[in-house]
Amino acid sequence: QDGRIVLAVSDDGCGMSGEFVRDRLFHPFATTKSGGFGIGLYQAKEIVQAHGGRIDVESGIGQGSCFRVILPQAEGEG
């Protein structure tokens, strides 16, 4: 898509509030789950950004979530 690679992963889980997504989602130790440490998405975002990309999120409480990993296409690919 427009010279970028897009990988979308979605679920039909409990979802997250807009406030959580905006203010806490990619911060270390922030989680909506009863288990886990809340560092996975923080680490994923750091790795994706190091490669010139970003992660977009759409979510709503009771509606699940969709994460899009957007990376620049490597030169010579396509």
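Residues numbered from 1 in each chain as written. Predicted model: local features only at pLDDT ≥ 70, side-chain atom pairs only at ≥ 80, totals over all residues. Heavy atoms only, no water.

**Section: the sheet that holds strand E1 (residues 4-11)**
If you trace the three strands from one edge of the open sheet to the other, you get E1-E3-E2, paired in antiparallel fashion. Single-partner strands in this sheet number two, and they are E1 and strand E2 (54-60). Taken pair by pair, the neighbouring strands of this sheet meet at an average axis angle of 15 degrees, ignoring direction. (Pairing = 2+ DSSP bridges. Helix = DSSP H or I, 4+ residues; strand = E, 2+ residues; numbered from the N terminus. Axes fitted to C-alpha atoms, helices over the stretch in contact; angles between N-to-C directions.)

**Focus: the nonpolar core**
Counting nine residues, the largest nonpolar core consists of Met16, Phe20, Leu25, Phe26, Ala30, Val48, Ile55, Val57 and Phe67. Among residues more than four places away in sequence, those in contact with Phe67 are Leu7, Ala8, Val9, Met16, Leu25, Leu41, Ile55, Asp56 and Val57. (Core = buried A, V, L, I, M, F, W, Y, C linked by side-chain atoms within 4.5 Å. Buried < 20%, exposed > 50% of the residue type's maximum accessible area, 1.4 Å probe, protein only. Contact = heavy atoms within 4.5 Å.)

**A short note on the pattern of salt bridges**
This structure, assessed with the given rule, holds four salt bridges. Notably, a salt bridge pairs Asp23 with Arg22, separated by 3.4 Å at the nearest N-O pair. Looking at Asp23, the relative accessible area reads 39%, which means it is partly exposed. The exposed category is assigned to Arg22, whose relative accessible area is 60%. A salt bridge links Glu58 to Arg68; the shortest N-O distance between them is 3.0 Å. Remark: Arg68 occurs in strand E3 (residues 64-72) and Glu58 occurs in strand E2; sequence separation between them is 10 residues. (Salt bridge = Lys/Arg side-chain N within 4 Å of Asp/Glu carboxyl O.)

**Quick word on the side chain of Ser65**
The topology assignment puts Ser65 in strand E3. Only 2.7 Å separates the side chain of Ser65 from the side chain of Ser59, close enough to count as a polar contact. For Ser65, the contacting residues outside a window of four places in its chain are Val9, Ser10, Asp11, Gly15, Met16, Glu58 and Ser59. (Polar contact = N/O pair within 3.5 Å; in protein donor to acceptor, adjacent residues only side chain to side chain.)

**Quick look at the pairing of E2**
Relative to E3, E2 runs antiparallel, the two sharing seven bridges. By the bridge assignment for E3, Arg54 is matched with Ile70. Where E2 folds back onto E3 in an antiparallel hairpin, the turn is made up of three residues, including Gly62, whose phi is positive at roughly 75 degrees.

By themselves, these observations are geometric and do not establish any function.
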